[in-house]
There are 2 protein chains.
Amino acid sequence: MTLWNQVTIIGTGLIGGSLGLALKQRDLAGRIVGVGHRQSTLDEALFRSAADEVTLDPCEGVRGSDLVVLATAIGLFEGILRKIAGVLEPGAVVIDVGSTKARVLGTLEPLMPEGCTFVGCHPIAGSEKRGITHARPDLFDGATCVVTPTGRTPADVLVRVVTTWQELGMVVRQVSPEVHDRLLAQTSHLPHIVASVLVRAVSEEAEPLMGPGWADTTRVAGGDAALWRDIMLSNAEEIAAAIERFHDILADVRDAVRNSDADAIEAHLAEAKRRRDHLAQR
Amino acid sequence: MTLWNQVTIIGTGLIGGSLGLALKQRDLAGRIVGVGHRQSTLDEALFRSAADEVTLDPCEGVRGSDLVVLATAIGLFEGILRKIAGVLEPGAVVIDVGSTKARVLGTLEPLMPEGCTFVGCHPIAGSEKRGITHARPDLFDGATCVVTPTGRTPADVLVRVVTTWQELGMVVRQVSPEVHDRLLAQTSHLPHIVASVLVRAVSEEAEPLMGPGWADTTRVAGGDAALWRDIMLSNAEEIAAAIERFHDILADVRDAVRNSDADAIEAHLAEAKRRRDHLAQR
């Protein structure tokens, strides 16, 4: 089922590349154009059939497309949209795949030309691995995609965007940009910060004694620093609030450990295990 | 190469069961006796050939053994050793596989009968999964084992114990019980606490929006609560110190996020990524 005549994906990394592969595999787009800032990445995207054609020029890339996907680091969205806004096709839809939404919407929606629509999207997929070389068509399969409509989003456009993610096998949830950011601060941004702090809390002397648990717990800290810096900056208030909440619980646990309060320690660990086991089954 | 005539493993769960399988596979023990407190677990150990014979009675189990392995939760070690101390064979060696060492050594070494030796061991292997059903002979292969000799440890006994772990494919490191506990507080106990707090810091509303990063970061929180309570209690001071160190770095990061200090955020994330990538290559 072809939903879009031509899709332009700006940023053909892990997410953008996987999206190209997935759209083609499910035959959802007549044609896919990849836009990047390095020819080598674009060549790789062509080689892997994640795009039908590629260009280094975003304005050239969006010509003729009814869907444009921003799949770069979120810090680059505004500059890109300012560049392409004037050459978007009438009625074109622009979506993103970024990890924060309120600021992105607040900045990008006003830049959209009359008749074109921006819809915020966040497919919760991927890993600390980056780049087109890790792209795969099943990256989105079974995962959740958050779509954040606003008062400016026409219903028919929203339906087409939601249907697109669903056709890729995703479970779509619709919430406001603000709610998205509050919840993702807890489920994604806080864990990233905690993992990065854990890495730095290990003394060099202790390094040889790290086991499989440490590797799991810190894995996300291997993510790209500039990409995550942008995420932190664009959701700073909610992340600071999530850190406070985390800190309050940690302080209670520290006190229980200090006081060798066996009941309090076990109650905390048992509650965490109960919730973790419950959530792991979802 | 048979290193021991008969090995008794008290506690045939993930670690004890895997140890039985590994010792048999490499032919390091003439015979293996499994001791447990549930007949069904012992039957499973026999069925999987993790032991040649089994018994519910630790005193019966250690008769004739030149090596006894304590592989239960560490909270049970003292009670078990008090029971079996009087019936240990002359010259028998007792080792444990627990996650903390100073308290364990301080309690168990004085209980050992003249001529017998206790050697603290900590194979850093396993996962949040428990029980004989997850046991496998290659669990220790390539992993690190910490051995913590004291002034009471005869050199020849130490060599036999170290050789045993090495024959199972482990990299053996020897440190004092106190150093072990300080380092493991950072690499294992702190990550466990942080993961458990992260689980509890997620509101129920946010639960549907958890991605693969959250799953990795919190995986160890699925570990058994009573087992980890004992670990926390037996290394409380070092764990509290590790939490403090973690907290200080977290407070700096929180301030950087609150102040939208892009340089400080990126510097932190880049340093964490550098160390994580470096350590992941070990």
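Small disclaimer: the values here were computed from a predicted structure and weren't measured.

Colleague: Help me understand the overall build of chain A in this model?
Modeller: Of regular secondary structure, chain A possesses 11 helices and 8 strands. Here chain A has a C-alpha radius of gyration of 21 Å; the compact-globule value for 282 residues is 19 Å, and the two agree. Expressed as lengths along the three principal axes of its C-alpha atoms, the size of chain A is roughly 65 × 40 × 35 Å. Looking at the 282 residues of chain A, the share that counts as buried comes to 54%. Pairs at least 24 apart in sequence give 75% of the contacts found in chain A among residues at least 6 apart.

Colleague: Help me understand the domain arrangement of chain A, please; the structure alone is not making it clear to me.
Modeller: Often, the extent of an interface is quoted as the loss of accessible area on bringing the components together. Residue and element names in this part refer to chain A. Along its sequence, chain A is organised into domain 1 (7–175) and domain 2 (179–280). Spacing between the C-alpha centres of domain 1 and domain 2 amounts to 30 Å. Where the side of domain 1 that touches domain 2 is concerned, the elements lending two or more residues are α5 (102–108) and β7 (144–148). When residues of the side of domain 1 that touches domain 2 are assigned to their parent elements, the largest contribution, 3 residues, is made by α5. A breakdown of the residues in the side of domain 1 that touches domain 2 according to their chemical character gives 6 nonpolar, 5 polar and 4 charged.

Colleague: Help me understand helix α1 (residues 14–25) of chain A in this model?
Modeller: Three- or four-residue spacings in an α-helix give side chains the same orientation, since the helix completes a turn every 3.6 residues. All names here are of chain A. For α1, built from 12 residues, the straight-helix expectation of 16 Å at 1.5 Å per residue is met to within 8% by its first-to-last C-alpha distance of 16 Å. Counting buried positions over the 12 residues of α1 gives 10, a clear majority of the element. Within α1 the residues assigned to the buried category are Leu14, Ile15, Gly16, Gly17, Ser18, Leu19, Gly20, Leu21, Ala22 and Leu23. Remark: Asp27 follows α1 within two positions and exhibits a positive phi of approximately 60°.

Colleague: Explanation requested: unusual backbone geometry in the structure shown.
Modeller: It is generally the case that most residues other than glycine have a negative phi and that most peptide bonds are trans. Residue and element names in this part refer to chain A. Of note in the backbone geometry, Ser49 takes a positive phi value of approximately 60° without being a glycine. Along the chain, the position of Ser49 falls in the loop between α2 (39–47) and β3 (53–55). Assessed through the 13 C-beta atoms surrounding it within 10 Å, Ser49 is described here as partly exposed.

Colleague: What is the right way to look at the relation of the copies chain A and chain B in this model?
Modeller: Mapping one chain copy onto the other needs a rotation about an axis and a shift along that axis. Mapping chain A onto chain B leaves a residual RMSD of 0.0 Å; the transformation is a rotation of 180° accompanied by 0.0 Å of translation along its axis. The symmetry that links the two subunits is that of a two-fold axis. Measuring from the rotation axis to each C-alpha of chain A, the shortest distance belongs to Thr217(A), at 2.0 Å. Taken together, the interface assignments show that 100% of the residues at the interface of chain A recur at the interface of chain B, consistent with an identical surface on both copies.

Colleague: When you look at the packing of helix α7 (residues 177–201) of chain B against helix α10 (residues 236–258) of chain B in this model, what are you seeing that I'm missing?
Modeller: Each pair of packed helices can be described by the angle between their axes along with the distance between the axes. Residues and elements named next belong to chain B. Axis separation between α7 and α10 bottoms out at 9 Å; the angle between their running directions is 65°. Overall, the two elements α7 and α10 adopt an arrangement that is roughly perpendicular. When you trace α7 past α10, the crossing you get is right-handed. Where α7 approaches α10, its residues Asp181, Arg182, Ala185, Gln186, His189, Leu190, Ile193 and Val194 are matched on the opposing element by Glu238, Ile239, Ala241, Ala242, Ile243 and Phe246. For the contact of α7 with α10, a count of residues per class yields 9 nonpolar, 2 polar and 3 charged.

Colleague: Looking at this structure, I do not really get the sheet that holds β3(A). What am I missing?
Modeller: For sheets, the rule is that strands pair by backbone hydrogen bonds, running either parallel or antiparallel. Residues and elements named next belong to chain A. Spatially, 8 strands are ordered β3-β2-β1-β4-β5-β6-β7-β8 in an open sheet, and the strand pairing comes out mixed. The sheet is open, and its two edges are formed by β3 and β8 (171–174), each paired on a single side. Going from strand to strand, the sheet's axes swing by 25° on average, the running direction of each strand aside. Relative to strand β4 (residues 67–70), strand β1 (residues 7–10) runs parallel, the two being bridged by 4 bridges. Following the sheet pairing, Ile10 is matched in β4 by Leu70.

Colleague: What exactly am I supposed to notice about the interface of chain A and chain B here?
Modeller: Each side of the interface is counted separately: chain A has 77 residues, and chain B has 77 residues. At the level of elements, β7, α7 (177–201), α8 (212–218), α9 (225–234), α10 (236–258) and α11 (262–280) of chain A are the ones that each hand at least two residues to the side of chain A that touches chain B. At 17 residues, α7(A) tops the list of elements feeding residues into the side of chain A that touches chain B. A breakdown of the residues in the side of chain A that touches chain B according to their chemical character gives 44 nonpolar, 17 polar and 16 charged.

Colleague: How do you make sense of the sheet that holds strand β3 (residues 53–55) of chain B when you look at a structure like this?
Modeller: All names here are of chain B. An order of β3-β2-β1-β4-β5-β6-β7-β8 is seen for the 8 strands of this open sheet, with the pairing classed as mixed. The two strands at the open ends of the sheet, each matched to only one other strand, are β3 and β8 (171–174). Taking the axes of each pair of neighbouring strands and ignoring which way they run, one obtains an average angle of 25° across the sheet. Sheet analysis places strand β4 (residues 67–70) next to strand β5 (residues 93–96), joined by 4 bridges and oriented parallel.

Cut-offs applied
Every chain's residues receive numbers from 1 upward, in the order its sequence appears when written. Chain labels run from A onward and ligand labels from 1 onward, assigned in the order the entries are written. The model is predicted, so local features are restricted to residues of pLDDT at least 70 and side-chain atom pairs to those at 80 or more, both for listing and for counting; the totals for chains, interfaces and linings are taken over all residues. Numbering of helices and strands runs from the N terminus; a helix is a DSSP stretch of H or I covering at least four residues, while a strand is a stretch of E covering at least two. The reference for a compact globule is 2.2 Å times residues^0.38; the radius of gyration itself is calculated from the C-alpha atoms. Note on burial: count the other C-beta atoms lying within 10 Å of the residue's C-beta; 20 or more is buried, 12 or fewer is exposed, in between is partly exposed, and C-beta positions come from the backbone. Here the contact rule is simple: place C-beta atoms from the backbone, and any two residues whose C-beta atoms are within 7 Å are in contact. For the domains described, the bounds stem from an automatic or database domain assignment. Any residue that is not Ala, Val, Leu, Ile, Met, Phe, Trp, Tyr, Cys, Pro, Asp, Glu, Lys or Arg is counted as polar, Gly included; the first ten are nonpolar and the last four charged. How far a helix is expected to stretch is found by multiplying one less than its residue total by 1.5 Å. Here the copies are matched by least squares. The fit uses the C-alpha atoms of residues with pLDDT of at least 70 in both. Geometry is summarised by axes, namely lines fitted to C-alpha atoms with helices restricted to the contacting stretch, and by angles between N-to-C directions that run from 0 to 180 degrees. Note on terminology: angles under 35 degrees are roughly parallel, angles over 145 are roughly antiparallel, angles of 65 to 115 are roughly perpendicular, and the others are oblique. For any helix crossing, the convention is left-handed if the near helix is rotated counterclockwise from the far helix by under a right angle, and right-handed if that rotation is clockwise. Criterion used throughout: strands pair if DSSP finds at least two bridges between them.

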